[in-house]
Amino acid sequence: MPYLYQILIYNGIKMNKIIKNTLIITLSFLLLASILIFLILWTFSNKIPDYKFLKNYKPPVSSKVYSGKGDLVADFSTEKRIFIPYNSIPKNVIDSFLSAEDKNFFSHPGVDAKGVVRAFINNISNVMSSRRLEGASTITQQVAKNFLLTNEVSINRKIKEAILALRIERALSKERILELYLNQIYLGSGAYGVAAASAVYFDKSIKDLDYSESALLAALPKAPSKYNPYRDIKLAKFRRNLVLKNLLDNNYISNQEYNQIKDKNIQLKKTKKIFLEDAQYYIEDVRKSIIEKFTYEKVYKQGFNINTPINLELQKLATASLRKGLENYDKRKGWRGVLTNKNYNNNWTENLKKYELERSIGWKIAIIRKIKKFSISIETSNKDLGVIEYSDISWTKKEFDELFVKGDLIYVKKIKDNKYSLKQLPEINGGIVVMDPYTGRVMALSGGFSFRDSEFNRATQALRQPGSAFKPFVYALALENNYTPTSLVLDAPLVLD
């Protein structure tokens, strides 16, 4: 019995030593880990950029140009963005982005520990199966990356991102962080921020979006190009439905709503083109004038509203009138030749960009397929077939076989059905200005036949002809003698004896 007692005492002492040693090793390891973490944080804390400007940060907003009637005709921007404050962002949009990107946003301190652990566990299997690694970035971390860091994939960036996220959370409210994120994030098709994306994909105000539409927008940050509905509608719908499932799991929508929405097709609607082709000379002159006055940085980033007197109907008429006059004059000088010659095959439509003109001109590029005595067969760049008849080329004063060979590229304009008219880009050019004589407002302006062909503005940049140089002196004398711009002057012959 005493021997057994001695053995128990010995084993008890041995056990205590093991426990003691284990505790010492554990504490030492924790101490070393703490020191290591402290050193890492201290090292990176001195290298991270200043984040305090985010308190008053205003993202770049496009400047918009309006016509005399208030129509939007152009915008000047480096990033297509419409800034919208947090209080004006609908609940369904916020719910969708939180479900897609960071469901614990309002509860974590900037870094989601649960998400990091989950991503770490999942990435073990991802590495083994050679799949893409899963991230665990919170919305705050994405704000830190988008505003202050690069897209570099490295441990260094992730550490800086985490430190910045923790500091941003202490400096800004959750609402401000989410406001920055939803206005800054790129959502494909040139749209930055949820308000611009709503206009680009649905031609709607953000306040009119339903859960199906807001879920599609929330599906885009992961890979804006890959999930762009204009590029792949099926893949976009698949990703949207994943966001809808997250909305259901997070109790933002009911099971009934989920079942109704998930099978709903994506209905896209592009915004009307705000840049009127016929007004490009006018808009470019406005742009240069505003930049000269306020600088490029302000015009392209501070969101000016630029009101102009342009009348869009008069602009169309003025441009059409100028083009018709130049074309008619040019026809009287005869035919100058084709654009180029290509072998007639399925690839003939490649590399035609340099010949393209404004759609408002209504011309197509066509290749000659067959030449007959009284007509030629053509194929347009969009694969329509047609003919040009002999009566249409009378102005050239030549026969078809004198003008063309098979494979020649020409401009044509559709007359009706499969009948086309032969066109050529005028060698002569000109300008036109339409002004209100009572106010001096420029209602319409065009500086040439085609802005794509030549951006030189002959209405404002060209030097006056000698014959017009004396006119200001005559007009000035008339104004001094009580004439006005609306005075009628008899233009009958005048004889002085």
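Note that the coordinates shown come from a computational prediction; the quantities given were computed from them, not determined experimentally.

Caption draft 1: Region of interest: the overall build of the protein chain. Each helix and strand counted, the protein chain has 16 helices and 13 strands in total. Of all 497 residues assigned to the protein chain, the portion counted as buried reaches 39%. The long-range share in the protein chain, meaning contacts at least 24 apart out of those at least 6 apart in sequence, stands at 66%. Accessible surface for the protein chain amounts to roughly 30,500 Å². Of this, 56% is attributable to carbon and sulfur atoms.

Caption draft 2: Region of the structure containing the environment of T380. Relative to the assigned elements, T380 resides in strand 8 (residues 375-380). Take T380: its relative accessible area is 1%, and that puts it in the buried class. For the pair formed by T380 and K364, sequence separation is 16 residues and the distance between their alpha carbons is 6.4 Å. Once residues within four sequence positions are removed from consideration, T380 is found in contact with W348, K364, I365, A366, V412 and Y420.

Caption draft 3: Inspection of the sheet that holds strand 1 (residues 63-66) at higher detail. With mixed pairing, the 3 strands of this open sheet are ordered in space as 2-1-5. Only two strands of the sheet have a single partner each, and these edge strands are strand 2 (72-76) and strand 5 (305-307). Strand-to-strand, the axes of this sheet are offset by a mean angle of 20°, without reference to chain direction. Relative to strand 5, strand 1 runs parallel, the two sharing 3 bridges. Looking at strand 5, one finds that Y66 is bridged to N307. Against the sheet, helix 11 (residues 280-294) makes contact with strand 1, strand 2 and strand 5, and its axis sits at roughly 45° relative to strand 2, the strand it touches most.

Caption draft 4: Geometry of the pairing of strand 10 (residues 408-416). One ladder, built from 2 bridges, connects strand 6 (residues 340-341) with strand 10; its direction is antiparallel. For N341, the partnering residue across the bridge sits in strand 10 and is D408. When strand 7 (residues 363-371) meets strand 10, the two strands line up antiparallel, connected through 5 bridges. When the bridges of strand 10 are listed, K364 appears paired with V412. As paired elements, strand 10 and strand 11 (residues 419-423) share 5 bridges and run antiparallel to each other. Note on strand 11: the bridge partner recorded for Y411 is K423.

Caption draft 5: Here's a closer look at the pattern of salt bridges. Applying the stated criterion across every chain, the model contains 16 salt bridges. Here R176 ties to E179 by a salt bridge, and the two come within 2.6 Å at their closest N and O atoms. Taken together, the residues R176 and E179, both in helix 6 (residues 174-184) and 3 residues apart, mark about one turn of the helix. Of the two residues, R176 and E179, both sit in the buried class. For E297, the salt bridge goes to K301, with nearest N and O atoms at 3.2 Å. Of this pair, E297 and K301 both sit in helix 12 (residues 296-301), separated by 4 residues, roughly a single helical turn.

Caption draft 6: Here's a closer look at the nonpolar core. Core analysis: the largest hydrophobic core is formed by 55 residues, its most contacted members being L54, F97 and L178. Those elements that provide at least two residues to this core are helix 2 (91-101), helix 4 (139-148), helix 5 (155-171), helix 6, helix 7 (194-202), helix 8 (211-219), helix 9 (233-249) and helix 10 (255-262). Take this core: its biggest share by element is 7 residues, from helix 7. Formed by 19 residues, the second largest nonpolar core is a distinct cluster that contains Y281, Y282, Y300 and L312.

Caption draft 7: Structural detail: the packing of aromatic side chains. Here the structure, examined in full by the defined rule, presents 16 aromatic pairs. When the ring of F374 is compared with that of Y390, the centres are 6.1 Å apart and the planes differ by 90°; the resulting orientation is edge-to-face. Taken together, the residues span a long stretch of sequence, with F374 in the loop between strand 7 and strand 8 and Y390 in the loop between strand 9 (385-389) and helix 14 (400-403) at a distance of 16 residues. On the basis of relative accessibility, which here comes to 30%, the residue Y390 falls in the partly exposed class. Chaining the aromatic ring pairs together yields one cluster made of W335, F374, Y390, W395, F400 and F404. When the ring centre of F105 is taken as reference, the NZ or CZ atom of K174 above it lies at 4.6 Å. When the ring centre of Y227 is taken as origin, the NZ or CZ atom of R239, which lies over that ring, is 5.7 Å away.

Caption draft 8: Just unusual backbone geometry, in detail. The phi dihedral of D417 is positive, around 45°, even though this residue is not glycine. Within the element layout of this structure, D417 appears in the loop between strand 10 and strand 11. Within the chain, N482 stands out as a residue other than glycine whose phi angle is a positive 70°. Here N482 lies in the segment after helix 16 (471-480). Residue N482 is classed as exposed on the basis of its relative accessible area of 72%.

Rules and cut-offs
- Residues numbered from 1 in each chain as written.
- Predicted model: local features only at pLDDT ≥ 70, side-chain atom pairs only at ≥ 80, totals over all residues.
- Heavy atoms only, no water.
- Helix = DSSP H or I, 4+ residues; strand = E, 2+ residues; numbered from the N terminus.
- Buried < 20%, exposed > 50% of the residue type's maximum accessible area, 1.4 Å probe, protein only.
- Contact = heavy atoms within 4.5 Å.
- Areas by Shrake-Rupley, 256 points an atom, 1.4 Å probe, with all protein chains shown as cover.
- Pairing = 2+ DSSP bridges.
- Axes fitted to C-alpha atoms, helices over the stretch in contact; angles between N-to-C directions.
- Salt bridge = Lys/Arg side-chain N within 4 Å of Asp/Glu carboxyl O.
- Core = buried A, V, L, I, M, F, W, Y, C linked by side-chain atoms within 4.5 Å.
- Phe/Tyr/Trp six-rings, centres within 6.5 Å; stacked < 30°, edge-to-face > 60°.
- Lys NZ or Arg CZ within 6 Å of the ring centre and 35° of its normal.

Read these as geometric descriptors, not functional statements.
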